[in-house]
Amino acid sequence: MRNETGLLAPQYRDEDAAREHIEKIRWPDGPVCPHCGLVNEATKLEPREGSKNGVREGVWNCNGCRKQFTITVGSIFEDSHIPLHKWLLAIHLMCSSKKGISAHQLMRNLDLGSYRTAWFMAHRIRWALTQEPVKGLFGGIVEMDETYIGGKLRVQQLVKPGERPKDRLEAISNKAPVVSVLQRGGSVRSYHVEKVTAKNLKPIVNEMIAEDAHLMTDTSTVLASARGKRKLSQVNHSAKEYVRYESGEKITTNTVEGYFSILKRGNIGIYHHWSKKYMGQYLREFDWRYNARKLPDMERTLIALKMTGGKRLMLKTPINEKRRDD
Ligand SMILES: [Zn+2]
């Protein structure tokens, strides 16, 4: 993000450099007309200052359909009054902070005028990180577990030594149940469900996990009954069993539990509160970062940037700008 002299890279401080950077990443083969799809057949218009119908910087004219466009059309940046270089910084910060970045911190770091602006920006970026449906099902060893996020009750006060939060109903009643499916050594996909029941989990299992996968869960969960014909091994956490070996196979749910701990540290340490309404958005952000964990920060940011297109129209559905929670 910074060069040898400690200066921020140009795209993070200069508006023209930011736009050209996004163009280069999103249009590797030349400008793409969002109206007709023509590639590399557009002319860049010279900005005219002072004229009433003055052309802004970064406007292209399609040689095919004759319509004008910019790199922000159809992207999460469309209609935003926030300068592009601040968007790029925000994306970089979100992609490189393991536990995420709060709207308050974003507001301070980017010198944004209001919390609301920062909040909206963060949610647009989360929306950009929406993942494509998984190509092919999760196979091999698949760990699956549930956890409970948020809520005001302090679990520690309710749970007796030796018990786990999910064994105590009153400790979780105001929390959001989250189920994660994780292919060992691979990706994770998390779901906010109303209630952890076999009925709610079955569609997730069928959508995500191959029939010949080896499923690993712990014993106190209903996940087992949603597995269909899939092979299942369980570890008994309440008997303090976390790992065991069976014919050379490591039976554990430690990987998915490790993922939950990142999620919880983010929820508690950074964001403080996620409403159930936006749970899906936060899960998307954390899943995405985890799934790109092996990449250097810079590369992760570039991939996120590629995902900023084609997202504008769908934004209206999940985001209510008026809500303020982080
Ligand atoms: Zn066109």
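Small disclaimer: the values here were computed from a predicted structure and weren't measured.

**Q** So, the overall build of the protein: which residues are in play, and what are the values?
**A** What the protein contains, in helices and strands, is 10 helices and 10 strands. Across the 326 residues in the protein, those meeting the buried criterion constitute 49%. For the protein, the accessible surface area stands at approximately 16700 Å², while carbon and sulfur atoms represent 51% of it.

**Q** Tell me about the sheet that holds strand β1 (residues 42–44), and please be specific about residues and values.
**A** With respect to topology, three strands assemble into an open sheet ordered β1-β2-β3, the strand pairing being antiparallel. In this open sheet, the two edge strands, each paired with only one partner strand, are β1 and β3 (68–69). In terms of strand pairing, strand β2 (residues 60–62) meets β3 through two bridges, oriented antiparallel. If you follow Asn61 over to β3, its bridge partner there is Gln68.

**Q** With reference to specific residues and values, describe helix α1 (residues 15–26).
**A** For α1, spanning 12 residues, the distance from its first C-alpha to its last is 16 Å, which sits close to the expected 16 Å at 1.5 Å a residue. Where α1 begins, one side-chain oxygen reaches toward the backbone nitrogen of Asp16, 3.1 Å away; that side chain belongs to Asp14.

**Q** Got a sec to walk through the packing of aromatic side chains? Specific residues and values, please.
**A** What the rule picks out here adds up to five aromatic pairs. Where Tyr259 meets Tyr290, the ring centres are 5.0 Å apart and the plane angle is 65°; that geometry is what we call edge-to-face. Separated by 31 residues along the polypeptide, Tyr259 in helix α8 (residues 254–271) and Tyr290 in helix α9 (residues 279–291) bring together distant segments of the chain. The residues Tyr259 and Tyr290 share a single accessibility class, namely buried. When the ring centre of Tyr290 is taken as reference, the NZ or CZ atom of Arg293 above it lies at 4.0 Å.

**Q** I'd love a proper account of the coordination of the zinc ion, names of residues and values included.
**A** Taken together, Cys33 (SG), Cys36 (SG), Cys62 (SG) and Cys65 (SG) make up the protein donors of the zinc ion, found 2.3 Å from the metal. Classification of the site at the zinc ion as tetrahedral follows from its four donor atoms and the range of 106 to 117° in their angles at the metal.

**Q** Report on the nonpolar core, specifying residues and quantitative values.
**A** The tendency in soluble globular proteins is for nonpolar side chains to be buried side by side. Phe77, Trp87, Leu106, Leu110, Tyr259, Leu263 and Trp274 are the most contacted members of the largest nonpolar core, which has 62 residues in total. Sorting elements by how many residues they give to this core places helix α2 (residues 84–96) first, with nine residues. Apart from residues no more than four positions distant in its own chain, Tyr259 is found in contact with Ser180, Leu182, Val188, Ser190, Leu283, Phe286, Asp287 and Tyr290. One finds Val142, Met144, Val193 and Met208 within the second-largest nonpolar core, a separate group that totals 19 residues.

**Q** Mind laying out the sheet that holds strand β7 (residues 214–218), listing which residues take part and the relevant values?
**A** Spatially, five strands are ordered β6-β5-β4-β7-β8 in an open sheet, and the strand pairing comes out mixed. Two strands in the sheet have a free side with no partner beyond their single neighbour: β6 (188–192) and β8 (231–235). Taking the axes of each pair of neighbouring strands and ignoring which way they run, one obtains an average angle of 25° across the sheet. In this fold helix α7 (residues 198–208) packs onto β4 (141–149), β5 (176–183) and β6, with an angle of close to 160° to the strand it touches most, β6. Of the strands in this sheet, β4, β5, β6 and β7 touch α8, which is tilted by about 30° from β4.

The rules we used
Residues numbered from 1 in each chain as written. Predicted model: local features only at pLDDT ≥ 70, side-chain atom pairs only at ≥ 80, totals over all residues. Heavy atoms only, no water. Helix = DSSP H or I, 4+ residues; strand = E, 2+ residues; numbered from the N terminus. Buried < 20%, exposed > 50% of the residue type's maximum accessible area, 1.4 Å probe, protein only. Areas by Shrake-Rupley, 256 points an atom, 1.4 Å probe, with all protein chains shown as cover. Pairing = 2+ DSSP bridges. Expected span 1.5 Å × (residues − 1). Polar contact = N/O pair within 3.5 Å; in protein donor to acceptor, adjacent residues only side chain to side chain. Phe/Tyr/Trp six-rings, centres within 6.5 Å; stacked < 30°, edge-to-face > 60°. Lys NZ or Arg CZ within 6 Å of the ring centre and 35° of its normal. Donors = N, O, S within 2.8 Å, 3.2 Å for Na, K, Ca; no water. Tetrahedral: all angles 85-135°; square planar, octahedral: opposite > 155°, others 65-115°. Core = buried A, V, L, I, M, F, W, Y, C linked by side-chain atoms within 4.5 Å. Contact = heavy atoms within 4.5 Å. Axes fitted to C-alpha atoms, helices over the stretch in contact; angles between N-to-C directions.

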